[in-house]
Amino acid sequence: MLLLILGLVLFLGMHAVTMKRDLRAQLIERFGAGGYRGLYSAVSILGFLLLIYGYGLQRAAGYTVVWEPPVWTRHLALLLNLPIFILLAVGRRPSWLLSRVKHPMLLAVKIWATAHLLANGDLGSLLLFGGFLAWAVMARISVKRRPEEIARAAAMTNVAFGRRDVIAIVAGLVLYVVFALWLHPLLIGVSVTGR
């Protein structure tokens with residue numbers, strides 16, 4: 001449990017630095033842009049590895065059940081994960097989808113975390129997915145208040161649905177099927193389809 005918590009603190013803590021614009025600016029001034037990116041990457045990678053390892057240890061040690069989710073929540077989680085892959089495929093280039101959701105990756109993280117909180121009632125899952133959900137909500141609030149974000153949002157009001165949107169939807173659907181059928185069982189060790 002301690003490694004999972006430490007991983008979350010390092011990974012999400014480093015990602016929270018971007019919300020504190022003054023602290024971020026101080027770190028860039030002190031280490032330079034390249035040094036800051038290196039520090040950001042190193043701490044994030046270390047945190048990510050620790051939280052994966054810590055979550056794996058937590059699962060291997062046996063679940064500490066906090067609540068018993070009904071079976072239907074697993075089906076709901078599978079459905080909720082569908083738009084995640086489309087959102088991740090949207091990217092940052094101007095498109096109709098980007099103009100509507102503003103920050104597709106943050107929205108994807110919020111949906112992913114919520115879906116997994118609904119389907120998993122163990123302590124490790126509550127810490128992992130609850131931590132990511134809290135971070136994504138705070139990050140979205142932070143980004144929304146930045147002056148450059150307000151200007152960017154205003155510039156994308158009249159974007160029409162187009163080729164980039166179609167590509168994102170098709171690519172997202174293909175990735176969803178591949179992940180649900182093969183990659184989730186392979187990488188996570190849990191079949192989401194019951195096969």
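Bear in mind the structure is a predicted one, so any value in this text is a computation, not a measurement. (Residues numbered from 1 in each chain as written. Predicted model: local features only at pLDDT ≥ 70, side-chain atom pairs only at ≥ 80, totals over all residues. Heavy atoms only, no water.)

Caption draft 1: How the structure looks around helix α6 (residues 104–119). In this model α6 runs 23 Å from its N-terminal to its C-terminal C-alpha over 16 residues, within 8% of the 22 Å that 1.5 Å per residue would give. Residues P104, L106, A108, V109, I111, A113, A115, H116, L117 and A119 constitute the buried set of α6. (Helix = DSSP H or I, 4+ residues; strand = E, 2+ residues; numbered from the N terminus. Expected span 1.5 Å × (residues − 1). Buried < 20%, exposed > 50% of the residue type's maximum accessible area, 1.4 Å probe, protein only.)

Caption draft 2: Quick look at the packing of aromatic side chains. Taken as a whole and assessed by the stated rule, the structure comprises nine aromatic pairs. With centroids separated by 5.5 Å and ring planes inclined at 45°, the aromatic side chains of F11 and F48 adopt a geometry described as tilted. A residue pair is termed long-range when its members are at least 10 positions apart, and F11 in helix α1 (residues 2–16) and F48 in helix α2 (residues 21–61) qualify at 37 residues. With a relative accessible area of 14%, F11 lands in the buried category. (Phe/Tyr/Trp six-rings, centres within 6.5 Å; stacked < 30°, edge-to-face > 60°.)

Caption draft 3: Focus on the nonpolar core. Core analysis: the largest hydrophobic core is formed by 18 residues, its most contacted members being L8, L51, L128, F132 and W135. Elements supplying a minimum of two residues to this core: α1, α2, α6 and α7 (123–144). When residues in this core are grouped by element, the largest group, seven residues, is from α7. Sequence-distant contacts of L128, that is, excluding residues within four places in its chain, are made with L4, L8, L51 and Y55. (Core = buried A, V, L, I, M, F, W, Y, C linked by side-chain atoms within 4.5 Å. Contact = heavy atoms within 4.5 Å.)

Caption draft 4: Unusual backbone geometry, seen in detail. Positive phi outside glycine occurs at K102, with the angle close to 65°. Here K102 lies in the loop between α5 (96–101) and α6. Relative accessible area serves as the criterion here: at 24%, K102 is assigned to the partly exposed category.

Caption draft 5: Seen up close, the environment of L6. Looking at where L6 falls in the secondary structure, it is placed in helix α1. Along the primary structure L6 and F48 are separated by 42 residues, whereas in three dimensions their C-alpha atoms are 9.7 Å apart.

Caption draft 6: Representation of a nonpolar patch on the surface within the structure. Taken together, the side chains of V177, W182, L183, L186, L187, I188 and V190 make up a nonpolar region of the molecular surface, amounting to roughly 660 Å² of accessible area. Inspection of the secondary structure assignment puts V177 in helix α9 (residues 163–188). (Patch = residues over 30% accessible without salt bridge, like charges linked within 9 Å, V, L, I, M, F, W, Y side chains within 5 Å. Areas by Shrake-Rupley, 256 points an atom, 1.4 Å probe, with all protein chains shown as cover. Salt bridge = Lys/Arg side-chain N within 4 Å of Asp/Glu carboxyl O.)

Caption draft 7: Highlighting the environment of G124. Residue position: G124 is located in helix α7. Relative accessible area serves as the criterion here: at 0%, G124 is assigned to the buried category. Taking the C-alpha atoms as reference, G124 lies 7.6 Å from R59; in sequence the two are 65 residues apart. Not counting residues within four places of it along the chain, the set of residues in contact with G124 comprises L4, Y55 and Q58.

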